[in-house]
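# Topology and contacts: notes
The chain contents come next:
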Amino acid sequence: MSQTTQTQSLTLVQAVRDGLYGEMQRDEDVLVMGEDVGENGGVFRATQGLIEEFGEDRVIDTPLAESGIVGTAIGMAAYGLRPVAEIQFMGFIYPAFDQIVSHAARLRTRSRGAYTAPMVVRAPYGGGIRAPEHHSESTEAFFAHQPGLKVVIPSTPHDTKGLLASAIRDPDPVLFLEPKLIYRAFREDVPEETYTVPLGEAAVRREGTDVSVFTWGAMTRPTLEAADELAEEGIDAEVIDLRTLSPLDEEAIVESFKKTGRAVVVHEAPKSGGLAGEITATIQEEVLLYQEAPVKRVTGFDVPFPLYALEDYYLPEAARIKDGIRETVEF
């Protein structure tokens, strides 16, 4: 007799908390650290209740010093622990940039395999919540450029829990970026038991034949909305949620493009130097002879993230995504 998997209806931020709880329960070497992650439960309550369950030795409130948080986590990881360091907002991560790219990402090669850094750096990222300056960054391309560092961005509660478990169990450092715009935007059935979703594998969110649309994080929902609305006009868009930006699932990109011959890339980061350029280059190098139209980028603009009223003009939304898809299909 098959055993029925018990599920629970969770938001994305609840799935973060559930994923942390499951891994801390499974492996006593897993610990959580960061500013206000203990008694306060984190700025978005992603760690709420963990200190009561696991104690102050495994849920550690740190000083307001991002370089110190990540640097300490590297030392812990090198000596056998599996720390999960929280940075309150991606815009606060830059003091720790040197620790992440110069030390965590290089520890395996620097020590010729004698040491690794099995650690996760979590950070809410992206705009759309009317936050002050430095709270709406989307600079994932900075980190995807660094060999030795994995970059993961979920878009659903189910994937969040499974990808976080995979990140924590990975032998090397993972930057786990959580799209805070959709932290509480919707719920999804998530298994109560622990499980993993593989890193480096994209998900086909919508099958289609006319154009491939590649996206991730909070932009997945407006992209799917645009695709569904365009279906009424006779345009059949395939939507690929990349989920992991480093390493990129090049096979998924290539196979989808072979089918459609057209591509649109949607991300909220600025256009210049964004991951859309890397995806476009992959298409040019691997499947140029299938190409029917120029690859279109629907992205944020090359300006600092705007405040308040202008956020809706900056972020790609369904109408702008639809225009990009139409332009590509009608070329």
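Our subject is the structure listed above.
The structure reproduced in this document is the subject of the present report. (Residues numbered from 1 in each chain as written. Predicted model: local features only at pLDDT ≥ 70, side-chain atom pairs only at ≥ 80, totals over all residues. Heavy atoms only, no water.)

### Some details on the sheet that holds strand β9 (residues 203–206)
The cut-off we apply is this: Should DSSP find at least two bridges between two strands, the strands are regarded as paired. Going along the chain from the N terminus, every DSSP run of H or I of four or more residues is numbered as a helix, and every run of E of two or more is numbered as a strand. Axis definition: a line fit to C-alpha positions, over the contact stretch in the case of helices; interaxial angles, taken between N-to-C directions, run 0 to 180 degrees. In this description, contact between two residues means that some pair of their heavy atoms is separated by no more than 4.5 Å.
With respect to topology, five strands assemble into an open sheet ordered β9-β11-β10-β13-β14, the strand pairing being mixed. Of all strands in the sheet, those with a lone pairing partner are β9 and β14 (296–300), marking the two edges. Averaged over all pairs of adjacent strands, the angle between strand axes in this sheet comes to 25°, irrespective of strand direction. In this structure, β9 lies alongside strand β11 (residues 237–241), joined through three bridges in antiparallel fashion. Among the inter-strand pairings, Val 204 is bridged to a residue of β11, identified as Ile 240. In the packing of helix α12 (residues 318–329) onto the sheet, contacts are made with β10 (211–215), β13 (263–270) and β14, and the angle to β14 comes to roughly 165°.

### Observations concerning the packing of aromatic side chains
Note the following rule: Whether two aromatic rings pair depends on their centres lying within 6.5 Å, for rings of Phe, Tyr and Trp, where Trp uses its six-membered ring; planes under 30 degrees apart make the pair stacked, over 60 edge-to-face, and the rest tilted.
Under the definition given, this model contains 10 aromatic pairs. With a centroid separation of 5.8 Å and an interplanar angle of 55°, the aromatic rings of Tyr 79 and Tyr 115 are classed as tilted. One end of the pair, Tyr 79, is in the loop between α3 (66–78) and β4 (82–86); the other, Tyr 115, is in the loop between α5 (107–110) and β5 (120–125), and 36 residues separate them in sequence. A connected cluster of aromatic rings, assembled from ring pairs, spans Phe 44, Phe 89, Phe 92 and Tyr 183.

### As for the pattern of salt bridges
So the rule is basically this: Each reported salt bridge corresponds to a side-chain nitrogen of Lys or Arg within 4 Å of a carboxyl oxygen of Asp or Glu.
Tallying each qualifying case throughout the model produces 21 salt bridges. Arg 205 is paired through a salt bridge with Asp 241; the nearest N and O atoms lie 2.9 Å apart. Here Arg 205 is found in strand β9, whereas its partner Asp 241 is found in strand β11, with 36 residues between them in sequence. Residues Glu 233 and Arg 326 are paired through a salt bridge, measuring 3.0 Å at the closest nitrogen-oxygen approach. Here Glu 233, found in the loop between α8 (220–231) and β11, pairs with Arg 326, found in helix α12; they are 93 residues apart in sequence, far enough to count as distant.

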